[in-house]
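# What the coordinates show
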Amino acid sequence: RFIAKPCAINLGIQDSGPHRAQPNAILEKVFTSITKSPDGKRLEGLSKQLDWDVRKIQRWFRHRRNQDKPTTLTKFCESMWRFTFYFSIFFYGIRFLWTAPWFWDTRQCWYNYPFQPLTSRLYYYYILELAFYWSLMFSQFTDIKRKDFLIMFVHHLATIGLITFSYMNNMVRVGTLVLCLHDASDFLLEAAKLANYAKYQRLCDAFFMLFGVVFIVTRLGIYPFWILNTTLFESWELIGPYPSWWLFNGLLVTLQVLHVIWSYLIIRTASKALVRGKVSKDDRSDVESSSEEEDVTSNSTKGIFSTSSNGSNRLNGHVASGQWTGE
């Protein structure tokens, strides 16, 4: 409210919502009680009842769906908050881990386990991350609903489970590596969203491409060959299979499966960007196009990322006509 909102206003982002549908009691009743996206048969019936053409009714439903979505200003503030946290916690983690022996030699994660000291810097790093992911778990139900809602829900559950489990079992050394690795790309995605909301399209595309490269390198390269290697093989070799070994590695492998799914979405978006010369629609977006032509062919158009990692414009947000829509 006191930092992000003034920044957004200085960038010319207005606190104005989408075009509002004209009041109509019959259509409002259908929208709230029956369906938000009527099929062809129902559209024809409403057309006869109201003496409106089908295209006009389709447009009314599209406007009615869009008016419930948050404004660009709201999404900008949300992304700026996430960018601030991800950016700060990532560089805090890098600074802390740079002098940690297990950052350079993962076998150090298991030497003298479980009798490893828990320093105050390590403790606060863990507690901050855990608190943030709990906040994401709850806010997910109030944020814009996206196509990857279930995947994100599983991700938050697995992350909270891993942070809590590793802390209780004093596996904090390998835990810090996992946390830092995941934070490496997140702030870049939020930066891309901020640039998109501010209508700096080239900067948005550049940040998204950089995000895609970092994401794929860290999640499909470093994570399996560095993190999973030490938790699956080095730990087995140095301390043997402990009772919770299967659960711990099961959660880590679950994260890897999610990484593969997200990498596919990113690569698909990047491929479209290369073909069109700019970042195009995001398959996770919930924003609908307002073109007249779309009224004839479809009731709505979906994108990949929404304008806020929760708006319509994201990942987690790209837009129709080559712009990011509002995750």
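Rules behind the numbers
- Residues numbered from 1 in each chain as written.
- Predicted model: local features only at pLDDT ≥ 70, side-chain atom pairs only at ≥ 80, totals over all residues.
- Heavy atoms only, no water.
- UniProt positions renumbered as here; feature names shortened; annotations may be inferred.
- Axes fitted to C-alpha atoms, helices over the stretch in contact; angles between N-to-C directions.
- Helix = DSSP H or I, 4+ residues; strand = E, 2+ residues; numbered from the N terminus.
- Parallel < 35°, antiparallel > 145°, perpendicular 65-115°, else oblique.
- Contact = heavy atoms within 4.5 Å.
- Phe/Tyr/Trp six-rings, centres within 6.5 Å; stacked < 30°, edge-to-face > 60°.
- Buried < 20%, exposed > 50% of the residue type's maximum accessible area, 1.4 Å probe, protein only.
- 1 Å grid on protein atoms, 1.4 Å probe; cavity = no way out; pocket = protein on both sides within 12 Å on 5 of 7 lines; lining within 4 Å.
- Points joined across faces, edges and corners; volume = space filled by probe spheres on them.
- Nonpolar A, V, L, I, M, F, W, Y, C, P; charged D, E, K, R; others polar.
- Patch = residues over 30% accessible without salt bridge, like charges linked within 9 Å, V, L, I, M, F, W, Y side chains within 5 Å.
- Areas by Shrake-Rupley, 256 points an atom, 1.4 Å probe, with all protein chains shown as cover.
- Salt bridge = Lys/Arg side-chain N within 4 Å of Asp/Glu carboxyl O.
- Arc of directions from axis to C-beta.

Taking an unreviewed UniProt entry as the reference, the chain is identified by name as CERS5 synthase belonging to Promerops cafer. For the chain, the Catalytic activity (unreviewed entry) comment in UniProt is given as "sphinganine + octadecanoyl-CoA = N-(octadecanoyl)-sphinganine + CoA + H(+)".

### Focus on the packing of helix H3 (residues 40-50) against helix H4 (residues 54-66)
Where H3 meets H4, the closest approach of the two axes is 9 Å, and the angle between their N-to-C directions is 110°. With respect to their mutual orientation, H3 and H4 come out roughly perpendicular. Along its contact with H3, which presents Leu43, Leu46 and Ser47, the element H4 presents Val54, Ile57, Gln58 and Phe61.

### Section: the packing of aromatic side chains
A full pass over the atoms with the stated rule returns 32 aromatic pairs. Between Trp81 and Phe85, the aromatic rings sit 6.2 Å apart at their centres with planes inclined by 50°, giving tilted as the arrangement. One end of the pair is Trp81 and the other is Phe85, both in helix H5 (residues 72-97) and 4 residues apart, which spans about a single turn. For Phe85, a relative accessible area of 11% puts it in the buried group. For the pair Phe90 and Phe91, a centre-to-centre distance of 5.1 Å together with 75° between the ring planes defines the contact as edge-to-face. Clustering of aromatic rings is evident, with ring pairs tying together Trp81, Phe85, Tyr86, Phe132 and Tyr133.

### Here we look at the side chain of His156
If you trace the backbone, His156 turns up in helix H8 (residues 149-168). Exposure remark for His156: the relative accessible area of 4% places this residue in the buried category. In contact with His156, other than residues within four places in its own chain, are Tyr133, Leu136, Met137 and Gln140.

### Let's talk about empty space enclosed by the protein
As a volume, the second largest cavity reaches approximately 140 Å³. Lining the second largest cavity are 14 residues, and of these Leu162, Ile163, Gly175, Val178 and Leu179 lie nearest its centre. Listing elements by their share of the lining of the second largest cavity, those giving two or more residues are helix H7 (120-139), H8, helix H9 (172-197) and helix H11 (245-276). Broken down by element, the lining of the second largest cavity gets its largest block of residues, 5 residues, from H8. By residue class, the composition of the lining of the second largest cavity is 9 nonpolar, 5 polar and no charged.

### Concerning a nonpolar patch on the surface
Taken together, the side chains of Leu118, Tyr123, Tyr124, Ile127, Tyr167 and Met168 define a hydrophobic patch exposed on the protein surface, amounting to about 590 Å² of accessible area. Top contributing element to the nonpolar patch by residue count: H7, with 3 residues. Tracing the chain through its elements places Met168 in helix H8. For Met168, a relative accessible area of 66% puts it in the exposed group.

### Describing the pattern of salt bridges
The full count for this structure, using the stated rule, is 4 salt bridges. With its nearest N and O atoms 3.5 Å apart, the salt bridge here joins Glu78 to Arg82. On the criterion of helical spacing, the pair formed by Glu78 and Arg82 is a turn pair, its members being 4 residues apart in helix H5. With respect to burial, Glu78 and Arg82 carry one shared label: buried. A salt bridge links Glu190 to Lys193; the shortest N-O distance between them is 3.5 Å. Linking Glu190 with Lys193, this pair stays in helix H9, spanning 3 residues, or about one helical turn.

### Topic: H3
When H3 is considered as a whole, its buried residues turn out to be Leu43, Leu46, Ser47 and Leu50. All buried residues of H3 fall inside an arc of 105° around its axis, so they share one side. What points out from H3, more than 90 degrees from its buried face, is the exposed set Lys41, Lys48 and Gln49. Here the buried face of H3 lies against helix H2 (25-33) and H4. Directly beyond the C-terminal end of H3, a positive phi value near 60° is found at Asp51.

### Quick notes on unusual backbone geometry
Backbone torsion omega between Tyr113 and Pro114 reads 5°, so that peptide bond is classified as cis. As for its position among the elements, Pro114 is in the loop between helix H6 (101-104) and H7. In the Ramachandran plot, Asn170 falls in the positive-phi region, its phi being about 55° despite a non-glycine side chain. In this structure, Asn170 sits in the loop between H8 and H9. Despite not being glycine, Lys199 shows a phi value in the positive range, around 65°. Relative to the helices and strands, Lys199 is located in the loop between H9 and helix H10 (201-239).

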